[in-house]
Amino acid sequence: MRASGRALTIAMLTELTRKNGSSRVVCFQYEEPLRNLGIEVRFFPPTSVRIYEALCEGLVGPRWLVILRKAIYWYGLVLPRRLAQIIRAGFCDVVLIQRGLFRYNSPPVLEWLLWLWASKLLGRPVLYTLDDAQYRVANPRYFQWRFRMADCVYTGNEEIAAYARQWNPSVTRIEAGVDTRAARPKQHSEHWPVVIGWVGTLLDQDGYLGLMGEIVRELRLKYPIIFRVVSNRPSEPCGVDGWEKRRWTLEDEWQVLAGFDIGVMPLPDDEFTRAKEGYKLKQYMAAGLPVVCSPVGQNLKLVQDGVNGYFARNKQEWVERLARLVSDWKLREEMGRAGRRRVEERFSLEVVTPQLAAFIRGAAGGVHETVEQAQRPTGSGREPMRSHTRLP
């Protein structure tokens with residue numbers, strides 16, 4: 001039982017460190033905003049950023065050495081640390097698991113231990129959040145078990161929410177917020193070259209950017225442009241003039257966007273991409289950039305075609321939409337302002353944090369609040385949160 005007057009505490013067990021985009025966006029960025037609303041967050045990452053960088057980034061050398069370094073990280077460091085964190089997390093009022101406690105394709109053994117300790121023995125509510133369709137690229141049963149063990153699940157994507165509801169009816173949607181205070185809106189002006197930018201993780205060596213090479217070549221026949229790729233992972237040279245690569249760093253997260261004039265997000269249309277959160281677009285718009293993206297999944301709800309950006313379905317549309325923005329800086333300015341306004345009104349931390357706080361308080365009090373309830377004044381008529389655990 002929480003002492004009267006004491007701040008509510010939530011243990012956030014993050015999949016990776018603060019440097020990871022998902023863990024940072026879903027968990028770490030809420031530390032101060034939640035504290036301002038009377039909720040103390042205690043973070044439990046797998047290791048420090050420095051240890052992760054030393055053992056898991058820039059892996060070169062013989063394959064056996066790469067495997068050894070990863071084994072040391074996951075089994076020598078992360079596993080014993082997680083066991084200790086499970087004990088400590090149980091003494092918080094609420095426990096949140098972000099994605100998973102071990103490797104994304106590992107069975108949820110650690111989650112089961114946490115569930116037994118925190119939920120069954122100590123009576124703590126256990127929340128689970130997922131922002132990517134990892135069940136499409138790993139054993140789906142592992143994620144089904146994670147959904148089942150949670151008292152309630154939240155996600156920012158309706159595709160994931162619909163999937164999770166098959167295993168746990170207590171699912172709600174809370175969009176990932178954007179720190180608009182950290183993002184200074186772009187001051188557009190007429191200049192050359194125009195920088196078209198993409199930022200993200202190159203999961204498939206080209207980060208879904210395969211089509212962009214042809215598009216950049218065609219645009220450069222008419223306009224002096226640069227296509228700038230910013231990633232924390234190296235990629236192979238693409239052989240396209242005007243294609244520029246820069247290393248992403250946590251310290252320069254928002255500064256790199258200030259160097260863009262247009263933000264892009266090309267995606268294929270499949271089950272995995274339809275479940276992406278779309279945070280990249282929110283960042284572009286928060287930075288005052290017009291966007292061009294594929295009309296896939298969450299993108300359809302974030303972008304107002306012709307208002308704060310454009311949809312592009314094929315190469316011809318990509319070239320046409322980008323050319324329109326490249327050639328007209330006033331249009332870039334107008335769409336950039338519209339995008340910034342949309343983020344401030346719907347996705348800023350000032351808007352999203354109260355929703356998340358109400359959701360956490362509801363879990364701590366035995367009430368499962370939906371986002372819609374969280375946005376309304378507290379009142380009567382709410383149903384108590386029930387356990388929906390159905391372990392196989």
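Keep in mind the model is a prediction, meaning the values are calculated, not measured. (Residues numbered from 1 in each chain as written. Predicted model: local features only at pLDDT ≥ 70, side-chain atom pairs only at ≥ 80, totals over all residues. Heavy atoms only, no water.)

Peer 1: Mind showing me how you'd approach the pattern of salt bridges here?
Peer 2: Opposite charge on two side chains allows them to pair when their charged atoms are near. Evaluation of the coordinates by the stated rule reveals 28 salt bridges. Residues Glu15 and Arg99 are paired through a salt bridge, measuring 3.1 Å at the closest nitrogen-oxygen approach. Of this pair, Glu15 sits in the loop between β1 (8-13) and α1 (21-26) while Arg99 sits in the loop between β3 (94-98) and α5 (109-121); the two residues are 84 residues apart in sequence, bridging distant segments of the chain. For Arg99, a relative accessible area of 10% translates into the label buried. In this structure, Asp131 engages Arg99 in a salt bridge whose closest nitrogen and oxygen atoms are separated by 2.8 Å. Note that Asp131 is positioned in the loop between β4 (126-129) and α6 (140-149) and Arg99 in the loop between β3 and α5, a separation of 32 residues in sequence. Both residues of the pair, Asp131 and Arg99, belong to the buried class. By sharing partners, the salt bridges in this structure join Glu15, Arg99, Asp131, Asp132 and Lys276 into a single network. (Salt bridge = Lys/Arg side-chain N within 4 Å of Asp/Glu carboxyl O. Helix = DSSP H or I, 4+ residues; strand = E, 2+ residues; numbered from the N terminus. Buried < 20%, exposed > 50% of the residue type's maximum accessible area, 1.4 Å probe, protein only.)

Peer 1: Can you help me understand the sheet that holds strand β9 (residues 243-247) in this one?
Peer 2: Either a parallel or an antiparallel arrangement is found when strands of a sheet pair, and the pairing is made through backbone hydrogen bonds. As summarised here, the arrangement of the six strands in space is β9-β8-β7-β10-β11-β12, forming an open sheet in which the pairing is parallel. At either margin of the open sheet sits one strand with a lone partner, and together these are β9 and β12 (309-311). Each neighbouring strand pair of the sheet contributes to a mean axis angle of 25°, computed without reference to strand direction. One ladder, built from three bridges, connects strand β10 (residues 262-265) with strand β11 (residues 291-293); its direction is parallel. Within β11, the position partnered with Met265 by the bridge is Cys293. The sheet strands contacting helix α12 (residues 315-326) are β7 (194-199), β8 (225-231), β10, β11 and β12, and the helix crosses β10 at an angle near 165°. (Pairing = 2+ DSSP bridges. Axes fitted to C-alpha atoms, helices over the stretch in contact; angles between N-to-C directions. Contact = heavy atoms within 4.5 Å.)

Peer 1: Would you mind showing me how to read the nonpolar core here?
Peer 2: What tends to happen in soluble globular proteins is that the nonpolar side chains get buried as a cluster. Among the nonpolar cores identified, the biggest contains 56 residues, and Ile196, Phe227, Tyr284, Val292 and Leu322 are the most heavily contacted of them. Judged by nonpolar contacts, the second largest core, of 39 residues, contains Ile97, Tyr128, Phe147 and Val153. (Core = buried A, V, L, I, M, F, W, Y, C linked by side-chain atoms within 4.5 Å.)

Peer 1: Before we go on, may I ask you to explain the packing of aromatic side chains in this structure?
Peer 2: For any pair of aromatic rings, geometry is given as the distance between the ring centres together with the angle between the planes. Counted under the stated rule, the structure contains 15 aromatic pairs. Each ring, one from Tyr73 and one from Trp74, has its centre 5.1 Å from the other, and the planes form 90°; the classification is edge-to-face. Among the aromatic residues, those joined into a ring-pair cluster are Tyr52, Tyr73, Trp74, Tyr75 and Phe102. Lying across the ring of Phe347, Lys282 places its NZ or CZ 4.7 Å from the centre. Above the ring of Tyr310, the side-chain terminus of Arg324 is found at 5.0 Å from the ring centroid. (Phe/Tyr/Trp six-rings, centres within 6.5 Å; stacked < 30°, edge-to-face > 60°. Lys NZ or Arg CZ within 6 Å of the ring centre and 35° of its normal.)

Peer 1: Looking at this structure, how should I read the side chain of Lys282?
Peer 2: Along the chain, Lys282 turns up in helix α10 (residues 279-286). Among all residues touching Lys282, those that are not within four sequence positions of it are Glu175, Ala176, Val178, Glu277, Leu302, Val343 and Phe347.

Peer 1: Looking at this model, I keep getting lost on α6. Mind explaining?
Peer 2: Helical geometry note: an α-helix holds 3.6 residues per turn, so side chains three or four residues apart project in the same direction. Of all 10 residues in α6, seven are buried, a share of seventy percent or more. Among the residues of α6, those classed as buried are Tyr142, Phe143, Gln144, Arg146, Phe147, Arg148 and Met149. The opening residue of α6, the one whose side-chain oxygen lies 2.9 Å from the backbone nitrogen of Arg141, is Asn139. (Polar contact = N/O pair within 3.5 Å; in protein donor to acceptor, adjacent residues only side chain to side chain.)

Peer 1: Could you clarify how one ought to interpret the sheet that holds β1 in this entry?
Peer 2: As summarised here, the arrangement of the six strands in space is β2-β1-β3-β4-β5-β6, forming an open sheet in which the pairing is parallel. One side of each edge strand has no neighbouring strand; the edge strands of this open sheet are β2 (39-43) and β6 (171-173). Mean inter-strand twist for the sheet, computed between neighbouring axes without regard to direction, equals 25°. Relative to β3, β1 is paired through four bridges, and the arrangement is parallel. Paired with Ala11 across the two strands is Val95, which belongs to β3. Together, β1, β3 and β4 form the strand contacts of α5, whose direction differs from that of β3 by roughly 170°.

Peer 1: What exactly am I supposed to notice about empty space enclosed by the protein here?
Peer 2: Gaps between atoms show up when a probe of the same size as a water molecule is rolled over them. For the structure on display, the rule yields three cavities of 30 Å³ or more. The wall of the largest cavity is formed by 14 residues, among which Val26, Tyr154, Ile174, Glu175 and Ala176 lie closest to the centre. Of all the secondary structure elements, the ones that give two or more residues to the lining of the largest cavity are α1 and β5 (152-155). Of the residues contributing to the lining of the largest cavity, the split by class is eight nonpolar, three polar and three charged. Every residue along the wall of the second largest cavity is listed here: Ile97, Glu111, Trp115, Val126, Leu127, Tyr128, Arg146, Met149 and Ala150. Secondary-structure elements contributing two or more residues to the lining of the second largest cavity are α5, β4 and α6. It is β4 that provides the largest number of residues to the lining of the second largest cavity, a total of three residues. Residue classes in the lining of the second largest cavity are distributed as seven nonpolar, no polar and two charged. (1 Å grid on protein atoms, 1.4 Å probe; cavity = no way out; pocket = protein on both sides within 12 Å on 5 of 7 lines; lining within 4 Å. Points joined across faces, edges and corners; volume = space filled by probe spheres on them. Nonpolar A, V, L, I, M, F, W, Y, C, P; charged D, E, K, R; others polar.)

Peer 1: Please explain the pairing of β10 as it appears in this structure.
Peer 2: As a general feature of sheets, a regular strand has side chains that alternate between the two faces. Residues Ile262 and Val264 point to one face of β10 and Gly263 and Met265 to the other, with burial holding for every one of them. Judged from the two bridges that link them, β7 and β10 form a sheet pairing that is parallel. Paired with Gly197 across the two strands is Gly263, which belongs to β10. Regarding topology, α10 serves as the crossover connection from β10 to the parallel β11, and that connection is right-handed. (Right-handed = clockwise from strand over helix to strand, strands pointing away.)

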